[in-house]
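Examination of the molecular architecture
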Amino acid sequence: MPYKLIEKKELTEKLDILSNLKIDMYQKDFLLTWEKTYDEILATFLVAEILRSLRYSSSGTRLWDSGLAVSIFKDNSTRTRFSFASACDMLGLYVQDLDEGKSQIAHGETVRETAVMVSFLSEVIGIRHDMFIGEGDSYMREFGEALDDAFKKQVIPDRPTIVNLQSDIDHPTQSMADFLHLINYFNGIENLKGKKVAMSWAYSPSYGKPLSVPQGIIGLFTRFGMDVVLAYPEGYDLLPQTYEIAKNNANQSGGSFKVVSSIQEAFKDADIVYPKSWAPFSVMEKRVELLKANDQSGLKELEKQCLENNKKFMDWECNEKMMNLTKNGNALYMHCLPADITDISCKAGEVSKVVFDKYRKDTYDEASYKPYIIAAMILLAKRKDPAGTLKKLYEMGQKRILA
Amino acid sequence: MPYKLIEKKELTEKLDILSNLKIDMYQKDFLLTWEKTYDEILATFLVAEILRSLRYSSSGTRLWDSGLAVSIFKDNSTRTRFSFASACDMLGLYVQDLDEGKSQIAHGETVRETAVMVSFLSEVIGIRHDMFIGEGDSYMREFGEALDDAFKKQVIPDRPTIVNLQSDIDHPTQSMADFLHLINYFNGIENLKGKKVAMSWAYSPSYGKPLSVPQGIIGLFTRFGMDVVLAYPEGYDLLPQTYEIAKNNANQSGGSFKVVSSIQEAFKDADIVYPKSWAPFSVMEKRVELLKANDQSGLKELEKQCLENNKKFMDWECNEKMMNLTKNGNALYMHCLPADITDISCKAGEVSKVVFDKYRKDTYDEASYKPYIIAAMILLAKRKDPAGTLKKLYEMGQKRILA
Amino acid sequence: MPYKLIEKKELTEKLDILSNLKIDMYQKDFLLTWEKTYDEILATFLVAEILRSLRYSSSGTRLWDSGLAVSIFKDNSTRTRFSFASACDMLGLYVQDLDEGKSQIAHGETVRETAVMVSFLSEVIGIRHDMFIGEGDSYMREFGEALDDAFKKQVIPDRPTIVNLQSDIDHPTQSMADFLHLINYFNGIENLKGKKVAMSWAYSPSYGKPLSVPQGIIGLFTRFGMDVVLAYPEGYDLLPQTYEIAKNNANQSGGSFKVVSSIQEAFKDADIVYPKSWAPFSVMEKRVELLKANDQSGLKELEKQCLENNKKFMDWECNEKMMNLTKNGNALYMHCLPADITDISCKAGEVSKVVFDKYRKDTYDEASYKPYIIAAMILLAKRKDPAGTLKKLYEMGQKRILA
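Residues numbered from 1 in each chain as written. Chains lettered and ligands numbered in written order. Predicted model: local features only at pLDDT ≥ 70, side-chain atom pairs only at ≥ 80, totals over all residues. Heavy atoms only, no water.

Some thoughts on the pattern of salt bridges
Following the criterion strictly, the structure yields 81 salt bridges over all chains and no others. Among the ionic pairs, A:Lys153 bridges to A:Asp149, the shortest N-O distance being 3.1 Å. Residues A:Lys311 and A:Glu308 are paired through a salt bridge, measuring 3.5 Å at the closest nitrogen-oxygen approach. With A:Lys311 and A:Glu308 both in helix 11 (residues 296-311) and 3 residues apart, this pair spans about one turn of that helix. The exposure class assigned to A:Lys311 is partly exposed, which follows from its relative accessible area of 43%. Ionic contacts of the salt-bridge type, sharing partners, join the residues A:Glu109, B:Lys353, B:Asp357 and B:Arg360 into one network. (Salt bridge = Lys/Arg side-chain N within 4 Å of Asp/Glu carboxyl O. Helix = DSSP H or I, 4+ residues; strand = E, 2+ residues; numbered from the N terminus. Buried < 20%, exposed > 50% of the residue type's maximum accessible area, 1.4 Å probe, protein only.)

As structure tokens, this is what we get:
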């Protein structure tokens, strides 16, 4: 699809599919993929693809001539920050960042008030809050409830939509971009049925990496009839509830979900591998306690222990030997980036240089979908008739560029 | 007015009133409300209301297709930062923040040069500089003189307007938003004549809160025939000159201005109460000396003393008992937010939970006017014929949103 | 030209000249002026002037209705930051800053990946990286190669252009703005032939000032038949290769380039003087070593030595006595600002108060060209037919302002 003008026929087909999907996304937030129906997930992919086509054909994609987008990052971010800025800019929104400081854990009056104060003229609120187990998702919901209340009481003229830019539970803009990459890589969602994907822990010398990526992957990929295998060393469990979600998804989609304790077993005959480091759930929980108590020495000690423990599993590396276990030794390697590359970013890491180099372009393509996914989430929450809006946009024939 | 399309008739009426006001705001800065004539204050309210109507009817409100707005915050800000960003965005301006560091007190060449360097393609400069008695307002004037000079010498093609986002003397975007809230709450400016408003000091465990809010309130509210009572414990005086201004305003408007040393006396039969903490003028003056001398231990000592002294007046709290003193126990509670709420943001604060909860929606409404007040200040300073511009804007029938 | 509407005739003439220049700037970066042909330099001046005329006649100058501009500042900046923001805004681009932290020196995978991650929907990348000899320019080239590769592999739909906002080698947006100031000050580029310009070191109590300004000046001014004299005390050499470039330029342009060790000799009969402080090349080199080794005490020691050494040359000040040496005691004083002004910004500095005051307006005018130079660099790199685009822009008759 890229690099050519989108044809009326192609667009019309996509819009027809979109109009026939049963979705209820208007004025709703996007916090967890498993709170969205299958049709709603499909709609998000479709709109992302349409916006991408329009952008690649240098059509205008502004749905607003002015309006504010608020970003709240309670953790560092480059990729997601730029994806959010790109998504908002292509829709005509101007991003204003709310910098409350990272460590701060807010609740109650503070959250309620902040939510309203930044929303008087805002259309969307993008929030990253992933470093504190039990905090991120609940912060976003508190924020959303404050907006509902303010909208109901006519304090704000419009209800901005919240886009989860990574919480302690899910990372929907990542997992959705990852999956859209798969759809295009394997030429169609139908071709993913029965494919084996290995979401595996991998060694990293760093510490405290969020769990939301693996949780997001097993929570989403299990919805499309894939055989999803989650692998990690003993003790590196994810949030308990996410296993249930993955199992149920697999049952309903005719796929499967399995947890194993060997990366080799996970990679065996896999079509897709996603080797990535994360911190054990239990460690992250303890970490939050220490942070709340501001116990610095305790935090140092915990980090030391955790890094020590990681070292036991340095053989959990995605290298050629591992890749040779995959289907035809040729599985698609995925990563949300930045990856810890052995001999590049660290002495020993998640992936070997050779493997990463081979798939670099693929990981970049994977990342390239995120701005369109975010834009799609915004459009679907802010327009009653997304298909109609996109049709109008196309027929206006606006150009983004004055050549 | 909110939540419905503005009707031609309503707009025309407002524009007729606007055209008949005698104002001289073009190319002028907005630093102190008492430097503006009564008609100019009315014009600001009118334009704010018109812009609000247009926004609520999702009309386009862009007066620029590109252009820079500069923000300079020498003190932290969330509300005002977002209000300024919203105001600029709705007019089509892009905000670039100038971060010079907060503590820095600049004068002379530095201010003159900075003013010019950020203004080559800028339309408005929003400045918050409120923490240093004797510094904020003079900084803004120095900045403005540099712009006048650069414009006269044709160094800059246009003279950006300065909007005071809070100085050591006044906080016009706050007091104007507060008063526009009153106009709407009491259904018309004429209904405010004779109303009693209590601007009272209240206890807070925090320190160094600027005086510009109470100063701004007594400097503005006294212009509309209200009975303004300022209350504070001994030693918590405001800037001397602001008392004169309030007195003169009251005389001219047929209202009254009185200073008392009891919150109870102030609240007695009040229609409106504005209980808020601030640091004594003398303390703020001493603080500036110590800051200039960078006397850290001195600053700590001063803070300690000040907090100790505050404790003597912990009974200056806006609670139900206090509210019962007001007219029908039912006065309107106002606050610029965030308020120090007892048992919520602190053990003992400016207002009790019960009272704050009862009036939360009102305080949010109060805050909601600020973006429109700022936008009005910009429009009135940057357009020779504001009524004409707004008429044109309306007749263009631009939509802000592609539905 | 300023302050009046650009006339069709004037624009047409400029566009004719532009169309007849042999340039190959489309999809190219702007890193060093001496990598650009004479025609390409002229084209940049021409486009800057045209955009300036359009702006001054309040015509719309947006070439994009949306699109991202990325700024990367590895050194502090106010002037250049605002110039870049202004340039992008006038073209319709929205600036998103990438803040990687200043001290960080990145290479390889990190640079390659960052380049792609911020470029999916970006049109231009502005980079300042001037504090590390041997690092800045190479960082920009690495960044550019990553973009070439990503574009070739269709990872990014478009190749953003890189604008050097100051590297360790050149500061093209500064030197080009400086020279455009000269063209207008002396009423035409032809009048600069044979003029003597003194690029001289001057005393400053500060340390570590980049060499890119003097290097940029001798690298550019020597291309127009001027007699360029570079003066500095023993030991304050610039990057060796820049002398070669200046010599060759002078030979080709029929001008001259000379290095002397006396500010008096440089100022003698000069038409233009550019007295400015910089750190010796050798010191900057050593500084980078110490920074890489994070040798804090070593850095302190080096700074101490360097400041000590500067003191030997406190008589290198641009004062009235020095100015009297220049042609009719009336040479044009230039500076990139902020200047170290004796008795104003420091006890003893680069220039005396009297001299600076006399030329303040000129230095402001000098700075005023930078936004247009940057906008021109962007336009020339992002449009195949710049003259055609500008013609279209003019004929559309778009207004920037709704009056």
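Let's talk about the interface of chain C and chain A
Each side of the interface is counted separately: chain C has 31 residues, and chain A has 34 residues. Regarding the contact of chain C and chain A, the summed buried area is about 3100 Å², with carbon and sulfur atoms giving 60% of it. Our enumeration of links across chain C and chain A arrives at 3 salt bridges. For A:Arg79, the salt bridge goes to C:Glu113, with nearest N and O atoms at 2.5 Å. Where chain C packs against chain A, one counts 14 residue pairs in polar contact (both at pLDDT 80 or more). Those elements giving two or more residues to the side of chain C that touches chain A turn out to be strand 1 (68-73), strand 2 (94-97), helix 4 (109-117) and helix 15 (386-396) of chain C. Here the side of chain C that touches chain A gets 5 residues from one element, more than from any other, and that element is helix 4 of chain C. Classifying every residue of the side of chain C that touches chain A gives 16 nonpolar, 5 polar and 10 charged. (Contact = heavy atoms within 4.5 Å. Buried area = accessible area lost by both parts, 1.4 Å probe. Polar contact = N/O pair within 3.5 Å; in protein donor to acceptor, adjacent residues only side chain to side chain. Nonpolar A, V, L, I, M, F, W, Y, C, P; charged D, E, K, R; others polar.)

Points about the relation of the copies chain B and chain C
When chain B is brought onto chain C, the operation consists of a screw motion whose angular component is 120° and whose axial shift is 0.0 Å, with 0.0 Å RMSD remaining. Both chain copies can therefore be described as sitting about a three-fold axis. Residues of chain B ranked by C-alpha distance from the rotation axis are headed by B:Tyr94, positioned 4.7 Å from it. A distinct binding surface is used by each copy, with only 6% of the interface residues of chain B retained as interface residues in chain C. (Least-squares fit on C-alpha atoms with pLDDT ≥ 70 in both.)

Considering the sheet that holds strand 8 (residues 272-276) of chain B
Residues and elements named next belong to chain B. Taken together, the 5 strands give an open sheet; going across it, the order is 7-6-5-8-9, and neighbouring strands pair in parallel fashion. One side of each edge strand has no neighbouring strand; the edge strands of this open sheet are strand 7 (256-260) and strand 9 (332-333). Sheet analysis places strand 5 (residues 196-201) next to strand 8, joined by 5 bridges and oriented parallel. Paired with Ala-198 across the bridge in strand 8 is Val-273. Lying on the sheet, helix 7 (residues 212-221) is in contact with strand 5, strand 6 (227-231), strand 7 and strand 8; it crosses strand 5 at an angle near 160°. (Pairing = 2+ DSSP bridges. Axes fitted to C-alpha atoms, helices over the stretch in contact; angles between N-to-C directions.)

Notes on the nonpolar core
Counting 432 residues, the largest nonpolar core has A:Phe143, B:Phe143 and C:Phe143 as its most contacted members. Excluding residues within four positions of it along the chain, B:Phe143 makes contact with B:Ile72, B:Val111, B:Ala115, B:Val118, B:Ile125, B:Ile127 and B:Ile162. (Core = buried A, V, L, I, M, F, W, Y, C linked by side-chain atoms within 4.5 Å.)

Section: the pairing of strand 8 of chain B
Residue and element names in this part refer to chain B. For strand 8, the tally of buried residues reaches 5 of 5 residues, placing the bulk of the element in the interior. Alternating residues of strand 8 divide into Ile-272, Tyr-274 and Lys-276 and Val-273 and Pro-275, and every residue in both groups is buried. Relative to strand 9, strand 8 is paired through 2 bridges, and the arrangement is parallel. Within strand 9, the residue paired with Val-273 across the bridge is Tyr-333.

What about the packing of aromatic side chains?
Counted by the stated rule, this structure contains 48 aromatic pairs over all chains. A ring pair is formed by B:Tyr56 and B:Tyr372, whose centres lie 6.5 Å apart and whose planes are at 50°; its orientation type is tilted. Of this pair, B:Tyr56 sits in helix 2 (residues 38-56) while B:Tyr372 is found in helix 14 (residues 370-382), placing the two residues 316 residues apart along the sequence. Pair check on accessibility: B:Tyr56 and B:Tyr372 agree, each one buried. Ring centres of C:Trp201 and C:Tyr236 lie 4.7 Å apart, and the angle between their planes is 50°; this geometry places the pair in the tilted category. Taken together, the residues span a long stretch of sequence, with C:Trp201 in strand 5 (residues 196-201) and C:Tyr236 in the loop between strand 6 (227-231) and helix 8 (240-253) at a distance of 35 residues. The exposure class of C:Trp201 is buried, given its relative accessible area of 0%. Judged by relative accessible area, which is 0%, C:Tyr236 ranks as buried. (Phe/Tyr/Trp six-rings, centres within 6.5 Å; stacked < 30°, edge-to-face > 60°.)

Digging into empty space enclosed by the protein
Taken as a whole and judged by the stated rule, the model has 12 cavities of 30 Å³ or more. Lining of the largest cavity is provided by 21 residues; of these, A:Arg62, A:Tyr94, B:Arg62, C:Arg62 and C:Tyr94 occupy positions nearest its centre. Residue composition of the lining of the largest cavity, by class: 6 nonpolar, 6 polar and 9 charged. (1 Å grid on protein atoms, 1.4 Å probe; cavity = no way out; pocket = protein on both sides within 12 Å on 5 of 7 lines; lining within 4 Å. Points joined across faces, edges and corners; volume = space filled by probe spheres on them.)

Points about the sheet that holds strand 4 (residues 161-167) of chain A
All names here are of chain A. Read from one edge to the other, the open sheet built from 4 strands follows the order 2-1-3-4, with strand pairing classed as parallel. Strands with a single pairing partner mark the edges of an open sheet, and in this sheet they are strand 2 (94-97) and strand 4. Shown here is a sheet whose adjacent strand axes are inclined to one another by a mean of 20°, direction ignored. Bridging between strand 3 (residues 122-129) and strand 4 involves 5 bridges; their strand directions are parallel. Along strand 4, the bridge assignment pairs Ile-127 with Asn-164.

Quick word on the interface of chain B and chain C
Counting residues at the interface gives 31 residues for chain B and 34 residues for chain C. For the pair chain B and chain C, the summed buried area comes to about 3100 Å², and 60% of that belongs to carbon and sulfur atoms. The largest contributions to the chain B side of the interface with chain C come from B:Asp65, B:Met117 and B:Leu121, which together make up 22% of the buried area. At the boundary of chain B with chain C, the tally comes to 3 salt bridges. Put simply, B:Glu123 and C:Arg400 hold a salt bridge, and the shortest N to O gap is 2.6 Å.

As for the packing of helix 10 (residues 281-292) of chain A against helix 11 of chain A
The description of two helices packed together rests on the angle between their axes and the distance between the axes. Residues and elements named next belong to chain A. Across the interface, helix 10 lies against helix 11 with an axial gap of 9 Å and an inter-helix angle of 165°. The angle between helix 10 and helix 11 places the two elements in the roughly antiparallel class. The crossing of helix 10 and helix 11 is left-handed. For the pair formed by helix 10 and helix 11, the contact residues are Val-283, Lys-286, Arg-287, Leu-290 and Leu-291 on the first element and Gly-298, Leu-299, Leu-302 and Cys-306 on the second. Here the residues of the contact of helix 10 with helix 11 sort into 6 nonpolar, 1 polar and 2 charged. (Parallel < 35°, antiparallel > 145°, perpendicular 65-115°, else oblique. Left-handed = near helix turned anticlockwise from the far one by under 90°.)

What to know about the packing of helix 1 (residues 8-20) of chain C against helix 15 of chain C
Residues and elements named next belong to chain C. Following both chains from N to C, one finds helix 1 and helix 15 inclined at 165°, their axes separated by 9 Å at the closest point. The orientation of helix 1 with respect to helix 15, classified from their angle, is roughly antiparallel. Crossing hand, helix 1 versus helix 15: left-handed. Contact residues: Lys-8, Leu-11, Leu-15, Leu-18 and Ser-19 in helix 1; Pro-386, Ala-387, Leu-390, Lys-391, Tyr-394 and Glu-395 in helix 15. Looking at side-chain class alone, the contact of helix 1 with helix 15 contains 7 nonpolar, 1 polar and 3 charged residues.

Notes on the relation of the copies chain C and chain A
Take chain C, turn it by 120°, move it 0.0 Å along the axis, and it overlays chain A with an RMSD of 0.0 Å. When the interface residues of chain C are mapped onto chain A, a mere 6% of them again lie at the interface, so each copy presents a different face.

Observations concerning the pairing of strand 6 (residues 227-231) of chain A
All names here are of chain A. Counting buried residues along strand 6, 4 of its 5 residues qualify, which places the element largely inside the surrounding structure. Relative to strand 6, strand 5 (residues 196-201) is paired through 5 bridges, and the arrangement is parallel. From the neighbouring strand, Val-197 faces strand 6, where its bridge partner is Val-228. Each parallel crossover has a hand, and the one from strand 5 via helix 7 (residues 212-221) to strand 6 is right-handed. A crossover links strand 6 with its parallel partner strand 7 (residues 256-260), the connecting element being helix 8 (residues 240-253), and its sense is right-handed. (Right-handed = clockwise from strand over helix to strand, strands pointing away.)

Regarding the side chain of B:Asp168
Residue and element names in this part refer to chain B. Here Asp-168 is to be found in the loop between strand 4 (161-167) and helix 6 (172-185). We note that Asp-168 is buried and unpaired, the nearest opposite charge coming from Arg-141 at a distance of 8.3 Å. A polar contact of 2.7 Å, which involves the side chain of Asp-168, links it to the backbone nitrogen of Asp-137. Residues in contact with Asp-168, not counting those within four places in the same chain, are His-129, Asp-130, Phe-132, Ile-133, Gly-134, Glu-135, Gly-136, Asp-137, Ser-212, Gln-215 and Leu-239. (Lys, Arg positive; Asp, Glu negative; His and termini not counted.)

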